[in-house]
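Report on the structure
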Amino acid sequence: MQNRELALIHQGLGPQGTKALTVPLATNTSKLQLNLQDNWMEGMGGAAEAKMLKENCYITEVDLSDNNLGDYGARAISAMLKENGTLLRLHLSGNHFTDQSADYLGSALITNSMLQHLDLSYNTLGVCGRLTLGALSEDMGLRSLNLAWNSILGRGEVLLADGLGENITLKRIDLSFNDFGREGAIAFAQALKGNDVLEELNVSNNRIPPEGAIHLAMGLKVNKAIKLLNDNAVNRDFEDLYKAVKEIFPALTVKHGGTFAVLGKA
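Residues numbered from 1 in each chain as written. Predicted model: local features only at pLDDT ≥ 70, side-chain atom pairs only at ≥ 80, totals over all residues. Heavy atoms only, no water.

1. Some thoughts on the side chain of Asp-174
Structurally, Asp-174 is set in strand S7 (residues 172-174). Excluding residues within four positions of it along the chain, Asp-174 makes contact with Leu-145, Asn-146, Leu-147, Ala-148 and Asn-202. (Helix = DSSP H or I, 4+ residues; strand = E, 2+ residues; numbered from the N terminus. Contact = heavy atoms within 4.5 Å.)

2. Points about the layout of surface pockets
Looking at the largest pocket, its volume works out to about 240 Å³. Residue lining of the largest pocket: 13 residues in total, with Lys-19, Thr-22, Ala-47, Ala-48 and Lys-51 positioned closest to the centre. The set of elements that each furnish at least two residues to the lining of the largest pocket consists of helix H1 (14-25) and helix H2 (42-55). No other element matches H2, which puts seven residues into the lining of the largest pocket. For the lining of the largest pocket, the class distribution of residues is seven nonpolar, three polar and three charged. (1 Å grid on protein atoms, 1.4 Å probe; cavity = no way out; pocket = protein on both sides within 12 Å on 5 of 7 lines; lining within 4 Å. Points joined across faces, edges and corners; volume = space filled by probe spheres on them. Nonpolar A, V, L, I, M, F, W, Y, C, P; charged D, E, K, R; others polar.)

3. Thoughts on the packing of aromatic side chains
Tallying each qualifying case throughout the model produces three aromatic pairs. Each ring, one from Tyr-122 and one from Trp-149, has its centre 5.6 Å from the other, and the planes form 15°; the classification is stacked. With Tyr-122 in the loop between strand S5 (117-119) and helix H5 (129-138) and Trp-149 in the loop between strand S6 (144-146) and helix H6 (155-166), this pair connects stretches of sequence that are 27 residues apart. Classification of Trp-149 as partly exposed rests on a relative accessible area of 38%. Ring centres of Trp-149 and Phe-177 lie 4.2 Å apart, and the angle between their planes is 10°; on these two criteria the pair is classed as stacked. In this pair, Trp-149 sits in the loop between S6 and H6 while Phe-177 sits in the loop between S7 and helix H7 (181-194), placing the two residues 28 residues apart along the sequence. Exposure remark for Phe-177: the relative accessible area of 32% places this residue in the partly exposed category. In textbook terms, an aromatic cluster arises when at least three aromatic residues are bridged by ring pairs, as seen for Tyr-122, Trp-149 and Phe-177. (Phe/Tyr/Trp six-rings, centres within 6.5 Å; stacked < 30°, edge-to-face > 60°. Buried < 20%, exposed > 50% of the residue type's maximum accessible area, 1.4 Å probe, protein only.)

4. Section: the pattern of salt bridges
Enumeration according to the criterion identifies five salt bridges in this entry. With a shortest N-O distance of 3.7 Å, Lys-54 and Glu-83 are connected by a salt bridge. Taken together, the residues Lys-54 in helix H2 and Glu-83 in the loop between helix H3 (70-81) and strand S4 (89-91) connect sequence positions 29 residues apart. A residue is classified by how much of its surface remains accessible, and Lys-54, at 37% relative accessible area, is partly exposed. Overall, the relative accessible area of 54% leaves Glu-83 in the exposed class. The partner of Arg-182 in a salt bridge is Glu-183, with the nearest N and O atoms 2.2 Å apart. Relative accessible area serves as the criterion here: at 34%, Arg-182 is assigned to the partly exposed category. Linked by salt bridges that have partners in common, Arg-182, Glu-183 and Glu-211 make up one network. (Salt bridge = Lys/Arg side-chain N within 4 Å of Asp/Glu carboxyl O.)

5. Concerning H7
Here H7 spans 21 Å end to end across 14 residues, near enough to the 20 Å set by a 1.5 Å rise per residue. Among the residues making up H7, those that are buried are Gly-181, Gly-184, Ala-185, Ala-187, Phe-188, Ala-189, Ala-191 and Leu-192. For H7, the elements touching its buried residues are H6, strand S8 (200-202) and helix H8 (210-222). (Expected span 1.5 Å × (residues − 1).)

Have a look at this one:
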């Protein structure tokens, strides 16, 4: 069987090597998956890949993680997403994206309805207002979104929660390691009350205090779609959340401390 994946991981391609690689890939019809993790392609290399993906209509999955693409690369990728109609999975973890990148990507996701899985973990999207509005409020294609380790604080967590409450397609979202705290927990609790599509929510390691945990429990009480809540090591007071929901839900699975607990969701 023909290998459908081209994997060139840790090869040190750099911007020039990446650009050279895009020439044959532009007309490629056999490779459906492209894995170029950790090649230090930087913004220029990312722009070259984006240009290639505007022309290629066969590749469905791309991994450009850990390439130092920066905001320049994010802008090029966003322009590509507005034209590409075949890409289903895109991994952009660890690329030094900032809130400016979030702006670019958000506008692209409003236009693109084909992309189903997007990984933006280990960046510094921060407030990520436009990304929230694009990816969650108006996007009609995403099924899973990874925003772990992005320093989403203050206004960002509220915008994110508002978008989640309005989204009608997202099934899984990873928001771990963002330090939401009390205000974030309250905002997400409200979002859960209005969302009947989301099935998996990861809010682990966000320093959620007992009061925030109780608000989350109340949101879960109203929500009928959530099947898996990952609250692994939210803080040492996780038992407050556990106790708050265990008498309410008979089928909700809660993952914490490396173990699973099946709570009630009647």
